[in-house]
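So you can see what is in the structure, the chains are spelled out below.
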Amino acid sequence: MKRIICLVLAALMLLSMLCGCTKKPEVNVGELKDKYQIPVESEKPGESAAAVTPGTPEAKPEAAGPDVNVSGDPLDFETEEQLRQYICGTWQYRPPYEEEIAFAITLTEDGMFRCMRTDEAAANGGYEYVGYWALDSYYDDDGELVDAIYLDLMPGNTDLEELGTLGDFALVGRSICNGSYIMEWSQYNNGDSILSMFYDTYYAVLWKVNCDPAPDAQGEKRRDDYFYANCWKAEQDARGEWTLWLDDSDVYGWNENLMEAVPYKLAAEAELRCAPEAFTPGIYVAEVWTDRNGDISILNWAVADDELLLFDRDESVLWGLNLGMTEEEVKAILGEPDSIEESGEDDMFLYGKEISYYYDDVELNFYDYQENGEMLLGSVWIDSEDILLSSGLSVGCTLDDLLYYYSCDDDLREIGVDDPWGMYLYGEYLYTYDNGYAPPEEYEQTAYVNYPMEGDDEYTITYTAYMPIGEKFEETNLVFYLDMDNIITCICWDRYMF
């Protein structure tokens, strides 16, 4: 099993670190930076000072576009009554990467709401909530006025009676997309809401149903242009061709120009630096180049120069999967595996029994973390260029691609005093020579390069998130294996308990 090999290597690496015997090529820090091409400035790969025409990736031009003109925008409301008319109706929420509607809520003009939440375990297949809604507003940190909605429950609302509310939500965005309206919710009340309790999120994009009349489409494609946009919908047809509904925004996702998503096709030879299906509506911002036909020639994640993008333990790296899922939860997303293997007694390591699922060029390993017989997803191995992570990274990408997506400090520091064995990209490592593991007191994130040992033909870059759990802690890793030409050859996503 790959994971057994990985654990053995990890154990050897840890032993060598603690004993101070790790070897590396005889080069200094400056030479290492040159060797691995690790930037010390916040440059993006491919950028240069040379002027280029829009639609080419060699440099990032200033995002251009027409002056903001909200006078003809049907969603640029001037009165509360206009906002209320937009809100009244039935809205549906479907979690990212899922097919089924999680809940539907109907808000009526008399200030009442009725919400139906799907739950197969419930006697009637779900729960119904009834209550009152009201609008409010507040000023955010930038002094901007933000609309908000309160959803207070009437007594007797079953499993949420003690909570007393579905939540208080900032209305952080709205748009028109594919003949319907969109409303973005972001929870801002303390405590729980329907989103945090049942869907492990504080953010949702809702779609309005039965829009009669349907909203008028006014937006037009931006041709031979460069811009940022929210991707509200990504759809693949029977021929495998993608359509993305893009709504102009700034690099942070705040709307610019009309609040309307326009459908764009991918050009025949489009350069995809991220996977179209990975765009979670309203969460990730797209960086887009278009050709003269208005088709997408380059699609990328938008990363602001002042944003620190760190690997997160809850990041869904691949296909909507999350580490810790059960076998049934994984099969609900991916279907039945091509083959299954179970470890024998002689193969057991660290967590006892191991079950491996194989899907094409992906290996998923399940472990009995809790020692209660429940097998949970603990590692994913990928060695095919055809499989894109949600970040758009894949085997075959370069070190530059990797350092463009995740953050890298300006001041790179080596790890180890007398015989350095690696280099921090950000954060701090939680190993010490005296005490071994130094359990984190709070959630922490780090990233580092592991120097290759003498004779090695590869090295690794590891992105790690540490989560304290009682007296123990959990370590979630995203490990990239790179050859000496700085090409990614293998990717591992795993989780351990210590």
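Residue numbering note: each chain is counted from 1, following its sequence as written. Per-residue local features of the predicted model are confined to residues with pLDDT of at least 70, and side-chain atom pairs are confined, for both listing and counting, to 80 or more; whole-chain, interface and lining totals are unaffected and use all residues. Hydrogens and water molecules were not included; the side-chain quantities draw on all heavy atoms of the structure.

Caption draft 1: View of the overall build of the protein. Scanning the protein from N- to C-terminus turns up six helices and 25 strands. Note on classification: 1.4 Å probe, protein chains only; a residue is buried when its accessible area is under 20% of the maximum for its type, exposed when over 50%, partly exposed between these limits. Here the protein holds 498 residues, and the buried ones make up 46% of them. We call two residues in contact whenever any of their non-hydrogen atoms come within 4.5 Å of each other. Of all intrachain contacts in the protein linking residues separated by at least 6 positions in sequence, the fraction that spans at least 24 positions is 54%. To be clear on the numbers: accessible area is Shrake-Rupley with a 1.4 Å probe, and residue cover counts the displayed protein chains and nothing else. Carbon and sulfur atoms provide 46% of the accessible area of the protein, an area that totals close to 24,900 Å². Secondary structure is summarised from DSSP: a helix means a run of H or I of at least four residues, a strand means a run of E of at least two, and numbering begins at the N terminus for each.

Caption draft 2: Looking closely at the nonpolar core. One finds L246, L364, I461, Y463, L478 and F480 to be the most contacted residues of the largest nonpolar core, which totals 57 residues. In terms of residue count, helix α6 (residues 399-405) provides more of this core than any other element does, four residues in total. The contact partners of I461, leaving out residues within four places of it in the chain, are L399, L402, L425, Y448, V449, L478, V479, F480 and L482. Listed in part, the 35 residues of the second largest apolar core include L75, A102, F113 and L151. Residues enter a nonpolar core if they are buried and are Ala, Val, Leu, Ile, Met, Phe, Trp, Tyr or Cys, with the set joined through side-chain atoms within 4.5 Å.

Caption draft 3: Broad picture of unusual backbone geometry. A positive phi angle is found at N178, which is not glycine, with a value near 50°. The topology assignment puts N178 in the loop between β6 (165-177) and β7 (180-187). With a phi angle near 50°, D360 is a residue other than glycine that sits in the positive phi range. In this structure, D360 sits in the loop between β15 (354-359) and β16 (362-367).

Caption draft 4: Representation of a negative patch on the surface in the model. Nonpolar side chains (Val, Leu, Ile, Met, Phe, Trp, Tyr) are joined into patches within 5 Å and like charges within 9 Å, using only residues with over 30% relative accessible area and no salt bridge. By definition, a salt bridge exists where a carboxyl oxygen of Asp or Glu is found within 4 Å of a side-chain nitrogen of Lys or Arg. For this count, His and the chain ends are skipped, Lys and Arg are scored as positive, and Asp and Glu as negative. Just so you know, the charge point we use is NZ for Lys, CZ for Arg, CG for Asp and CD for Glu. Taken together, the side chains of D338, D360, D361, E385 and D386 present a region of like negative charge at the surface. Summarising the element assignment, E385 is placed in the loop between β17 (376-382) and α6.

Caption draft 5: Summary view of the packing of aromatic side chains. Put simply, two rings from Phe, Tyr or Trp (the six-membered ring, in Trp's case) pair if the centres are within 6.5 Å, and we call them stacked under 30 degrees between planes, edge-to-face over 60, tilted for the rest. Summed over the entire model, instances satisfying the criterion amount to 17 aromatic pairs. Judged by centre distance (5.3 Å) and plane angle (40°), the ring pair of Y93 and F103 falls under tilted. In this pair, Y93 sits in strand β1 (residues 89-93) while F103 sits in strand β2 (residues 103-107), placing the two residues ten residues apart along the sequence. Look at F103 and you get buried, because its relative accessible area is 1%. Centroid distance Y226 to Y228: 5.7 Å. Interplanar angle 70°. Geometry classified as edge-to-face. An identical accessibility class is assigned to Y226 and Y228; each is buried. Taken together through their ring pairs, the aromatic side chains of Y93, F103, F169, W185, F198 and Y199 make up a single cluster.

Caption draft 6: Expanded view of the sheet that holds strand β3 (residues 112-118). For two strands to count as paired, DSSP must find a minimum of two bridges between them. Around the barrel, which closes on itself, the eight strands sit in the order β1-β2-β3-β4-β5-β6-β7-β8 with antiparallel pairing between neighbours. The average undirected angle you get between the axes of adjacent strands in this sheet is 35°. As paired elements, strand β5 (residues 145-153) and β6 share five bridges and run antiparallel to each other. Across the sheet, residue L151 finds its bridge partner in β6, namely G167. Each axis is a line fitted through C-alpha atoms, taken for helices only over the stretch in contact, and angles between the N-to-C directions span 0 to 180 degrees.

Caption draft 7: Expanded view of the sheet that holds strand β9 (residues 226-236). One closed barrel holds the five strands; their spatial order is β9-β10-β11-β13-β12, and the pairing between them is mixed. Put simply, the sheet's adjacent strands are angled 60° from each other on average, direction ignored. Relative to strand β13 (residues 296-301), strand β12 (residues 285-290) runs antiparallel, the two sharing five bridges. Paired with T290 across the two strands is I296, which belongs to β13.

Caption draft 8: Broad picture of the environment of A270. Within the secondary structure layout, A270 lies in strand β11 (residues 262-272). Separated by 26 residues in sequence, A270 and I296 place their C-alpha atoms 6.5 Å apart. Excluding residues that lie within four positions of it along the chain, A270 makes contacts with I296 and S297.

Fair warning: the whole summary comes from geometry, so function is off the table for now.
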